[in-house]
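Fold and contact review
Here's the letter readout for the chains.
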Amino acid sequence: MTYKNILVETRGRVGLITLNRPEALNALCAALIAELSQALDAFIEDDGIGAIVLTGSEKAFAAGADIKEIRLMTPAEAHARTFTNTWECISRCNKPTIAAVAGYALGGGLEIAMMCDMLLLGDNAKLGLPEITIGAVPGGGGTQRLTRAIGKSKAMEMCLTGRMMAAEEAERAGLAVRVVPAADLVAEAVALAGKIASFSLPISRMVKEAVNITYEMPLKAGLQFEHRLFNLTMAMEDQAEGMGAFVDKRPPTWKHR
Ligand code: DAK
């Protein structure tokens, strides 16, 4: 598959997708989103991939939806894009995903980063939802995911002023795993993804599902969901292998089933 707006490569069991529209600071035009969705689908189907990293350039992860493309959309056209498989491609991905964010992650850029399971930040990252400054409301989940990640007051201030948050502040607010030098960001993200991908894939899928269900369920139902997943693991080959290897004092060999 050849892509115009993204670069796709694999590093061991890690799939790496790099947004690549430098002339527009990786603004998320429809063609880029469609390519991103296709590349993710290919990694989802590939049994050799255990985790996925999404990144941009050192200057910009992504500066948002492509304003030049969307500015004249009718409400019906905008509505047709909402909750499509393509815009929601990351949140429906069933393998662990890491957003490696350097430079600007604004509007839809921050929104797709927050669709990932975790953010790793370069020390030059600038995160924001500046839609209010261009007469719009965040449209890719920003008000919901940012509020859940950092709480109402901070999210409200960012959405109502369009202020950008620097990397250290975002990490302190709980939005990111950690901050690393921007030059090391991709290597650090691939190493983290590689660690995740070194475990049993069906188990990491379940862990991801259990953590993400926190946002959908009350505590009691979430606890039941988690208990049932744990019980299910007791019928899996990788559980027998993992616990057997612990008892035998040897490294496990995962079969991913
Ligand atoms: N769209 C299109 N082009 C963009 C762009 C964007 N979002 N951001 C930057 N560019 C282009 C600039 O126009 C410029 O192109 P030329 O003029 O050279 O042709 C080039 O990238 C370099 O940008 P600047 O010259 O502006 O670079 P600076 O370093 O001076 O400034 C900046 C960097 C990031 C502060 C600035 O470019 C900026 O403020 N960009 C816009 C940020 C923004 O407002 N983003 C939010 C967009 S609205 C939805 C899903 C998602 C969304 C909506 C609906 N559905 C599923 C329904 C999301 C909406 C948004 O994200």
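Values in this document were obtained by computation on a predicted structure and should not be read as measured data.

1. So, the site of the ligand
Every one of the 25 residues lining the ligand counts as a neighbour, but A63, A65, I67, K68 and G108 are closest to it. In this structure, A65 approaches the ligand through a main-chain N or O atom, which is 2.8 Å from an oxygen atom. Within the side chain of K68, an N or O atom sits 2.9 Å from an oxygen atom of the ligand. Tallied by class, residues from the shell around the ligand come to twelve nonpolar, six polar and seven charged.

2. So, the sheet that holds strand β4 (residues 60-62)
Strand order across the open sheet formed by four strands is β4-β6-β8-β9, with mixed pairing between neighbours. Each of the sheet's edge strands pairs with one partner strand only, and the pair in question is β4 and β9 (165-166).

3. Some words on unusual backbone geometry
Most peptide bonds adopt trans geometry, and most residues besides glycine take a negative phi value. You will see that K249, though not glycine, has its phi angle at about 55°, which is positive. Among the structural elements, K249 can be located in the segment after α11 (237-248). Even without glycine at this site, H256 takes up a positive phi of about 60°. The topology assignment puts H256 in the segment after α11.

4. A look at the sheet that holds strand β3 (residues 51-55)
In space, the six strands of this open sheet follow the order β1-β2-β3-β5-β7-β10, with mixed pairing throughout. Of all strands in the sheet, those with a lone pairing partner are β1 (6-11) and β10 (179-180), marking the two edges. Here strand β2 (residues 14-19) pairs with β3 via five bridges, running parallel. By the bridge assignment for β3, V14 is matched with A51. Against the sheet, helix α1 (residues 30-45) engages β1, β2 and β3, with an angle of about 15° to β1. Contacts from helix α4 (residues 108-115) reach β2, β3, β5 (97-101) and β7 (118-122) within the one sheet, and its direction differs from that of β5 by about 145°.

5. A word on the packing of helix α5 (residues 142-150) against helix α6 (residues 152-161)
Across the interface, α5 lies against α6 with an axial gap of 7 Å and an inter-helix angle of 140°. Between α5 and α6, the angle falls in the class oblique. For the crossing formed where α5 meets α6, the hand is right-handed. Here T143, L146, T147 and I150 of α5 come into contact with α6, specifically with K152, K154, A155, M158 and C159. Class assignment for the residues of the contact of α5 with α6 results in five nonpolar, two polar and two charged.

What counts, and where the lines are drawn
Residues numbered from 1 in each chain as written. Predicted model: local features only at pLDDT ≥ 70, side-chain atom pairs only at ≥ 80, totals over all residues. Heavy atoms only, no water. Near = heavy atom within 4 Å. Polar contact = N/O pair within 3.5 Å; in protein donor to acceptor, adjacent residues only side chain to side chain. Nonpolar A, V, L, I, M, F, W, Y, C, P; charged D, E, K, R; others polar. Pairing = 2+ DSSP bridges. Helix = DSSP H or I, 4+ residues; strand = E, 2+ residues; numbered from the N terminus. Contact = heavy atoms within 4.5 Å. Axes fitted to C-alpha atoms, helices over the stretch in contact; angles between N-to-C directions. Parallel < 35°, antiparallel > 145°, perpendicular 65-115°, else oblique. Left-handed = near helix turned anticlockwise from the far one by under 90°.

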